[in-house]
Amino acid sequence: DPPPLLLVRGDIDDLRRPGVAIVGARAATRYGRGVAEELAGELARAGIVVVSGLARGIDGAAHTAALAGGGRTVAVIGSGLDVVYPPEHRALADRIGRAGAVVSELPLGRPPAAPHFPLRNRLISGLVLAVVVVEARSRSGSLITARHALNQGREVLVVPGPIDSPHAQGSNALLRDGARPVLEPIDVLESISSPFASPGVAKPESPAAPDAPDQARIYGRLREGPTP
């Protein structure tokens, strides 16, 4: 179901470069936003274009982290190219237009509407080699993106979440049904090791723990989860 045309603000070549989509909940938890930022930052530094939908929550965190990592990012939106939604992401959209691309298949001036977003989701998955789902409820638009990705022959990866969290019910269900889990950025890079990926992509190293013994113990405790 390709669009008849795409309107692009920014560098159209970013649509042709190897990309990974990072999508997830609008009402993201601190954990989800942190994971999205880590993944997007590492992928951007490895030369991968980070693609998402400019929404609140996980999408905005992924775009922002990709830019902070000095990389490229593409935002596919569910409105006309001149109508930014949500409005608080207008400055972010301007930054993406200068270090990536903002993309829409809708005419200029078209306001956001509920039917537009499932259509947008098929473009997000169609532009990338893999889709990473970070926090999705049982009726999340991210699950629509995952279904599009499977239909288009893209890899679907999921960040595991707590089994008792409503924010992770949909994403954990994808894992149960056979999606590949993401435990660290290297999992995503390995999933797109294909003839379509650019050669020589550097694999990020895991952060080293501090050298001082006391600091190392504190660091280890903090990495296990929220700690008072």
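Preceding this paragraph is the structure being described.
Anyway, here's the lowdown on the structure attached to this text.

About the thresholds
- Residues numbered from 1 in each chain as written.
- Predicted model: local features only at pLDDT ≥ 70, side-chain atom pairs only at ≥ 80, totals over all residues.
- Heavy atoms only, no water.
- Phe/Tyr/Trp six-rings, centres within 6.5 Å; stacked < 30°, edge-to-face > 60°.
- Helix = DSSP H or I, 4+ residues; strand = E, 2+ residues; numbered from the N terminus.
- Buried < 20%, exposed > 50% of the residue type's maximum accessible area, 1.4 Å probe, protein only.
- Lys NZ or Arg CZ within 6 Å of the ring centre and 35° of its normal.
- Axes fitted to C-alpha atoms, helices over the stretch in contact; angles between N-to-C directions.
- Left-handed = near helix turned anticlockwise from the far one by under 90°.
- Contact = heavy atoms within 4.5 Å.
- Nonpolar A, V, L, I, M, F, W, Y, C, P; charged D, E, K, R; others polar.
- 1 Å grid on protein atoms, 1.4 Å probe; cavity = no way out; pocket = protein on both sides within 12 Å on 5 of 7 lines; lining within 4 Å.
- Points joined across faces, edges and corners; volume = space filled by probe spheres on them.

## A word on the packing of aromatic side chains
Stage number 1. With the rule as written, the count across this model stands at one aromatic pair.
Stage number 2. Ring geometry for Y85 versus F117: centroids 6.4 Å apart, planes at 50°, classification tilted. Of this pair, Y85 sits in the loop between β4 (73-76) and α3 (90-98) while F117 is found in helix α4 (residues 116-126), placing the two residues 32 residues apart along the sequence.
Stage number 3. Residue class for Y85 comes out partly exposed when judged on its relative accessible area of 36%.
Stage number 4. Overall, F117 belongs to the buried group, its relative accessible area being 17%.
Stage number 5. The cationic tip of R26 hangs over the ring face of F117; the distance from NZ or CZ to the ring centre is 5.8 Å.
Stage number 6. Here R56 stacks its cationic end above the ring of Y85, 5.7 Å away from the centre of that ring.

## Comments concerning unusual backbone geometry
Stage number 1. Following Y85, the chain continues to P86 via a peptide bond in cis, the omega torsion being 0°.
Stage number 2. As for its placement among the helices and strands, P86 is situated in the loop between β4 and α3.
Stage number 3. Phi is positive for L54, which is not a glycine, with a value near 65°.
Stage number 4. With respect to the element layout, L54 can be found in the loop between β3 (49-52) and α2 (58-68).
Stage number 5. With a phi close to 60°, E135 is a non-glycine residue in the positive phi region.
Stage number 6. Examined against the element boundaries, E135 turns out to sit in the loop between β6 (130-134) and α5 (141-151).
Stage number 7. Using a relative accessible area of 6% as the deciding quantity, one classes E135 as buried.

## A word on the packing of helix α1 (residues 30-45) against α2
Stage number 1. Following both chains from N to C, one finds α1 and α2 inclined at 35°, their axes separated by 8 Å at the closest point. The two elements α1 and α2 meet at a crossing, and its hand is right-handed. Counting all contacts with α1, which are made through G32, R33, A36, E37, A40, G41 and A44, the residues of α2 involved are I58, A61, A62, A65 and A66.
Stage number 2. Across the contact of α1 with α2, the residue classes tally to eight nonpolar, two polar and two charged.

## Considering the layout of surface pockets
Rolled over the atoms, a probe with the dimensions of a water molecule shows which regions are left empty.
Stage number 1. Its boundaries defined by the atoms lining it, the second largest pocket holds a volume of some 330 Å³.
Stage number 2. In terms of lining residues, the second largest pocket is bounded by 20 residues, among which R26, R120, S140, G141 and S142 are the most central.
Stage number 3. Only β2 (19-24), α4 and α5 provide two or more residues apiece to the lining of the second largest pocket.
Stage number 4. In terms of residue count, the dominant contributor to the lining of the second largest pocket is α4 (five residues).
Stage number 5. For the lining of the second largest pocket, a count of residues per class yields nine nonpolar, six polar and five charged.

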